[in-house]
Amino acid sequence: MLLLLLAVTAAAAVGAGPGKAVQFLAVGDWGGVPEPPFVTPREAATAAAMGRAAAERGADFVLALGDNFYYDGVRDEWDPRFQETFERAFAAPELRALPWFVLAGNHDHHGNVSAQLAYSRHSERWRFPHYYYSLRLHVPGTNATARLLVLDTVLLCGATDDFGVGATPRGPPDAAAAEAQLSWLQRRLAAARHDRYVLVAGHYPVWSVAEHGPTQCLLRLLRPLLRRHRVTAYLCGHDHNLQFLHEDGVGYVVSGAGNFMEASQTHRAAVPPGAARFFYGAPESPGGFAHLRLDADHPTVRCRERY
Ligand SMILES: *[C@@H]1O[C@H](CO)[C@@H](O)[C@H](O)[C@H]1NC(C)=O
Ligand SMILES: *[C@@H]1O[C@H](CO)[C@@H](O)[C@H](O)[C@H]1NC(C)=O
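Residues numbered from 1 in each chain as written. Chains lettered and ligands numbered in written order. Predicted model: local features only at pLDDT ≥ 70, side-chain atom pairs only at ≥ 80, totals over all residues. Heavy atoms only, no water.

A. Up close: the packing of aromatic side chains. Inspection of every chain in the model, using the stated rule, returns 19 aromatic pairs. The interplanar angle of 40° and the centroid separation of 6.0 Å between the aromatic rings of phenylalanine 69 and tryptophan 126 together place this pair among those described as tilted. Placement of the pair is phenylalanine 69 in the loop between β3 (61-64) and α2 (81-87) and tryptophan 126 in strand β5 (residues 126-127), with a sequence separation of 57 residues. The same class applies to phenylalanine 69 as to tryptophan 126, namely buried. Ring geometry for phenylalanine 86 versus tryptophan 126: centroids 4.8 Å apart, planes at 70°, classification edge-to-face. Remark: tryptophan 126 occurs in strand β5 and phenylalanine 86 occurs in helix α2; sequence separation between them is 40 residues. (Phe/Tyr/Trp six-rings, centres within 6.5 Å; stacked < 30°, edge-to-face > 60°. Helix = DSSP H or I, 4+ residues; strand = E, 2+ residues; numbered from the N terminus. Buried < 20%, exposed > 50% of the residue type's maximum accessible area, 1.4 Å probe, protein only.)

Structure (C-alpha cells):
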C-alpha cells in the first residue's frame, strides 16, 4: 500500500535536492481582496515562501485549488485582477517559470469562470484548459506515471454562501453537467489503473475538521470512488488552514491557507476517528501551502515548512 509521509516541521535537507521525482506546490484560497492593494499580507508572504520552496526543494508546477479571486471572481479575461492578484503577487522568478494548473472555487463562480479559462491565452503560466481536466505526469528517469484529475466541485455540488455557518453546497446548478463530470471522472479513474499515482483535486473538501467541514455531496459522490480506485490523495482548499487526513489508504490534503488562516476545528468529530493526522491554522501564521513530491516508490506531502 502506498504510504503518505508527512513532515510537519522544518526539515532543512531531508529529502531535498533534485532527484527523480515529480514535485509541485498546492495552494488554495489565495485570491487577494477586491480593493487596493488587491493582495493580503498573507498572500504576499505565501507567495514569497512558495518562491523559496520552489528554489530550495524544487517544483515542476503549481496547483491552484480555487478561490483565485476574492470575493466575486473576475469579470472578463481582461480583468485587472489577473495582474494585481496573480501575476504581480506571485512574481518570484522561480514561480514565474512554473506552469499554474488552475481550478475554480465557489468565489470564482460568483464571477466569470469562462474568463479564467480564457486568461490561459494571455498568460505564459496560467493553465486552465477546461472546468475539469486530466494531466499525466512522468517521474523522470523511471517508468512511473502519475495522473492528476482536476475537478470543478462547484459544478458537481453547487455554490455555497461562504460566510454562512455550516453552509453546504446547494446542489449542482446543472444536474446533467454534474452527471457528465462524474462519469468523466469514473472513466478517467478506470483508465488510470496503470499509473503509479492518482491524484484528484477539487475546491471543496471531502474530509475536513475545520469550519466548513466535510462536504456531504462529496462524501456521497467522490469518497467511494477514491477508495475503490485506490487514489493516492485528494487535494482541496475551501477551509482556510493546512490539514492532512488519511482514511482507508487515501490521503486528504486541505491546503486553503493562501490568503486567510482559521484555527477553528468545529468539525473535529465529523471525520472518522484517527483520520485527522495534521492541522495547522494558527491565526498569527503568514499563510501556507503544501509541497508534494512523487518519487517512483513513495509520495511525500509536506505542509508548514519554513522557507
Ligand atoms: C466572461 O468572460 C468572457 C471572456 O472574456 C467574455 O467573453 C464574456 O462576455 C464574459 N461574460 C460575461 C457575462 O460578462
Ligand atoms: C521502462 O520500461 C521499459 C520497457 O518495459 C524497460 O525496457 C526499461 O528498462 C524501463 N526503465 C526503467 C527505468 O525502469
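B. The state of the cysteines, seen in detail. Scanning the entire structure with this criterion turns up one disulfide. Between the sulfur of cysteine 157 and that of cysteine 217 lies a disulfide, 2.1 Å long from S to S. On the sign convention where negative is left-handed, the bridge of cysteine 157 and cysteine 217, at about -80° about the S-S bond, is left-handed. Of the two residues, cysteine 157 sits in helix α6 (residues 153-157) while cysteine 217 sits in helix α8 (residues 216-221), which places them 60 residues apart along the sequence. Cysteine 236 takes part in no disulfide bond, and the closest cysteine sulfur to it belongs to cysteine 303, at a distance of 11 Å. (Disulfide = S-S within 2.5 Å.)

C. Here's a closer look at the nonpolar core. In terms of nonpolar packing, the biggest core is built from 65 residues, with Leu63 and Leu235 touching the most fellow members. Ignoring sequence-local partners within four residues, the contact set of leucine 235 consists of Phe24, Ala26, Leu63, Leu65, Leu199, Val200, Ala201, Gly202, Val253 and Leu292. (Core = buried A, V, L, I, M, F, W, Y, C linked by side-chain atoms within 4.5 Å. Contact = heavy atoms within 4.5 Å.)

D. A look at helix α1 (residues 41-56). With 16 residues, α1 extends 22 Å from end C-alpha to end C-alpha; this agrees with the ideal 22 Å at 1.5 Å per step. Residues Glu43, Thr46, Ala47, Ala49, Met50, Gly51, Ala53 and Ala54 constitute the buried set of α1. Downstream of α1 by one or two residues, glycine 58 has phi in the positive range, about 105°. (Expected span 1.5 Å × (residues − 1).)

E. The site of ligand 1, seen in detail. All residues in the neighbourhood of ligand 1 are listed as Arg75, Asp76, Glu77, Asn112 and Ala115. Between ligand 1 and glutamate 77 there is a distance of 2.7 Å, counted from an oxygen atom to a side-chain nitrogen or oxygen. Between asparagine 112 and ligand 1, the recorded distance is 2.4 Å, taken from a side-chain N or O atom to an oxygen atom. Coverage of ligand 1 by the protein amounts to 42% of the 360 Å² it exposes when considered alone. Looking at the shell around ligand 1 residue by residue, the class counts come to one nonpolar, one polar and three charged. (Near = heavy atom within 4 Å. Polar contact = N/O pair within 3.5 Å; in protein donor to acceptor, adjacent residues only side chain to side chain. Areas by Shrake-Rupley, 256 points an atom, 1.4 Å probe, with all protein chains shown as cover. Nonpolar A, V, L, I, M, F, W, Y, C, P; charged D, E, K, R; others polar.)

F. Quick peek at the confidence of the model for the protein. Across the protein, pLDDT averages 92, with 92% of residues at or above 70. This model gives residues 1-17 a pLDDT under 50, and the stretch forms 40 contacts once residues within four places in sequence are excluded. (pLDDT = per-residue confidence, 0-100.)

G. A look at the sheet that holds strand β8 (residues 197-201). Spatial ordering of the open sheet is given by β6-β7-β8-β9-β11-β10-β12, a layout of seven strands whose pairing is mixed. For this open sheet the edge positions go to β6 (133-138) and β12 (276-280), each flanked by a neighbour on one side alone. Pairs of neighbouring strands in the sheet enclose a mean axial angle of 15°, with direction left out of account. In this structure, β6 lies alongside strand β7 (residues 145-150), joined through six bridges in antiparallel fashion. Each bridged residue has a counterpart across the sheet, and for tyrosine 133 the counterpart in β7 is valine 150. Contacts from helix α7 (residues 175-191) reach β6, β7 and β8 within the one sheet, and its direction differs from that of β7 by about 175°. (Pairing = 2+ DSSP bridges. Axes fitted to C-alpha atoms, helices over the stretch in contact; angles between N-to-C directions.)

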